[in-house]
Amino acid sequence: MTEFTLSDLEKIVARRALASPDESWTAKLYTAGQRKAAKKLGEEAVETVIAAIAGDRDNLTDESADLLYHLLVVLKIADIPLSDVLKVLEKRTAQSGLEEKANRRE
Ligand SMILES: N=c1c2ncn([C@@H]3O[C@H](COP(=O)(O)OP(=O)(O)OP(=O)(O)O)[C@@H](O)[C@H]3O)c2ncn1[C@@H]1O[C@H](COP(=O)(O)O)[C@@H](O)[C@H]1O
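Residues numbered from 1 in each chain as written. Predicted model: local features only at pLDDT ≥ 70, side-chain atom pairs only at ≥ 80, totals over all residues.

### A look at the overall build of the chain
In plain terms, the rule: Put simply, DSSP H or I for four residues or longer makes a helix, DSSP E for two residues or longer makes a strand, and each gets a number counted from the N terminus. In this description the radius of gyration comes from C-alpha coordinates, and the expected globular size is given by 2.2 Å times residues to the power 0.38. Contact criterion: two residues are in contact if their C-beta atoms, reconstructed from the backbone, are within 7 Å.
When you go through the chain residue by residue, the secondary structure sums to six helices and zero strands. Taken from the N to the C terminus, the helices and strands of the chain come in the order α-α-α-α-α-α. In terms of overall dimensions, the chain is more spread out than a globule: its C-alpha atoms have a radius of gyration of 16 Å, far above the 13 Å expected for 106 residues. Expressed along its principal axes, the backbone C-alpha trace of the chain runs to roughly 50 × 35 × 35 Å. Intrachain contacts of the chain at a sequence separation of at least 6 include 48% that bridge at least 24 residues.

### Describing the nonpolar core
What counts is decided by this rule: Here a nonpolar core is just a set of buried residues of the types Ala, Val, Leu, Ile, Met, Phe, Trp, Tyr and Cys, joined wherever their C-beta atoms sit within 7 Å. Counts of 20 or more other C-beta atoms within 10 Å of a residue's own C-beta define buried residues, counts of 12 or fewer define exposed ones, and intermediate counts define partly exposed ones; C-beta atoms are placed from the backbone.
If you look at the biggest cluster of nonpolar residues, it comprises eight residues: Val-13, Leu-29, Tyr-30, Ala-37, Leu-41, Leu-72, Val-73 and Ile-77. Within the residue set of this core, elements represented by two or more residues are α2 (25–32), α3 (34–54) and α4 (57–77). Per-element accounting of this core gives the leading share, three residues, to α4.

### A few points about the site of the ligand
Convention followed: The criterion for a residue being near a molecule or strand is a backbone-placed C-beta atom within 6 Å of that molecule or strand.
Around the ligand, the structure places Ile-12, Arg-16, Ser-24, Trp-25, Thr-26, Ala-27, Asp-66 and Tyr-69. Every element with two or more residues in the shell around the ligand is listed here: α1 (6–16), α2 and α4. The element best represented in the shell around the ligand is α2, accounting for three residues.

### Some thoughts on the environment of Ser-7
Turning to its location among the elements, Ser-7 is positioned in helix α1. Separated by eleven residues in sequence, Ser-7 and Leu-18 have C-alpha atoms that sit 18 Å apart.

### Quick notes on unusual backbone geometry
Phi is positive for Asp-79, close to 60°, though the residue is something other than glycine. Topologically, Asp-79 is positioned in the loop between α4 and α5 (82–92).

### Considerations on the packing of α3 against α4
Worth spelling out the cut-off: Angles shown run from 0 to 180 degrees and are taken between the N-to-C directions of axes, each axis being a line fitted to C-alpha atoms and, for helices, limited to the stretch in contact. Comment on the angle field: the value is read as roughly parallel under 35 degrees, roughly antiparallel over 145, roughly perpendicular from 65 to 115, and oblique elsewhere. Note: crossing handedness is left-handed where the near helix turns anticlockwise from the far helix by less than a right angle, and right-handed where it turns clockwise. Put simply, Ala, Val, Leu, Ile, Met, Phe, Trp, Tyr, Cys and Pro go in the nonpolar bin, Asp, Glu, Lys and Arg in the charged bin, and everything else, Gly too, in the polar bin.
Two elements in contact, α3 and α4, have axes separated by 8 Å at closest approach and are oriented at 160°. By the angle between their axes, α3 is roughly antiparallel relative to α4. Regarding α3 and α4, the two cross each other, and that crossing is left-handed. Contact residues: α3 offers Gln-34, Ala-37, Ala-38, Lys-40, Leu-41, Glu-44, Ala-45, Glu-47, Thr-48, Ala-51 and Ala-52, while α4 offers Asn-59, Leu-60, Glu-63, Ser-64, Asp-66, Leu-67, His-70, Leu-71, Val-73, Val-74 and Ile-77. Along the lines of polarity and charge, the residues of the contact of α3 with α4 split into twelve nonpolar, five polar and five charged.

### Some details on the environment of Lys-87
Along the polypeptide, Lys-87 turns up in helix α5. What makes Lys-87 exposed here is the crowd of 11 C-beta atoms within 10 Å. As a C-alpha pair, Lys-87 and Tyr-69 span 18 residues in sequence and 19 Å in three-dimensional space.

### With respect to α2
Applied cut-off: Summarising the geometry, the arc corresponds to the directions from the helix axis toward the C-beta atoms.
Where α2 is concerned, the buried positions are Thr-26, Leu-29 and Tyr-30. The arc enclosing the buried residues of α2, seen along the axis, measures out at 100°, which places them on a common side. Residues of α2 that are buried in the fold lie against α1, α3 and α4. Downstream of α2 by a residue or two, Gly-33 has a phi angle that is positive, lying close to 105°.

Structure follows, in structure tokens:
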């Protein structure tokens, strides 16, 4: 089995965004627009936080999947490719997070 990546899911999201909202959750969110999609992303983020604090491994894994999927839908609506986000992350690998934070205050 080949490894499933966020890039694969991004392609699925792009394809399903154009489906009928009656048949697809992605299309439903895409059609409803950013307010609804971002609200859903926020809900999934809160559910992820709750699972993390509760120390519930299985739930945290499931909620993380929901979170990442909904983030990709929000990025799709905003017309931001995942590769742009990865570029930002890649740039950040040049220094530690603490170093970046310290430089920000200067
Ligand atoms: N990864 C996901 C994924 N994760 C979560 N969800 C959906 O996100 C929705 C929200 O989850 P909740 O449990 O919070 O739903 P809810 O509380 O009943 O939602 P509300 O109606 O109350 O807002 C559910 O319908 C889940 O099925 C997803 N829907 C789709 N995908 C991926 O997208 C593909 C295309 O899906 P469709 O667009 O639905 O065809 C799928 O094959 C998957 O690969």
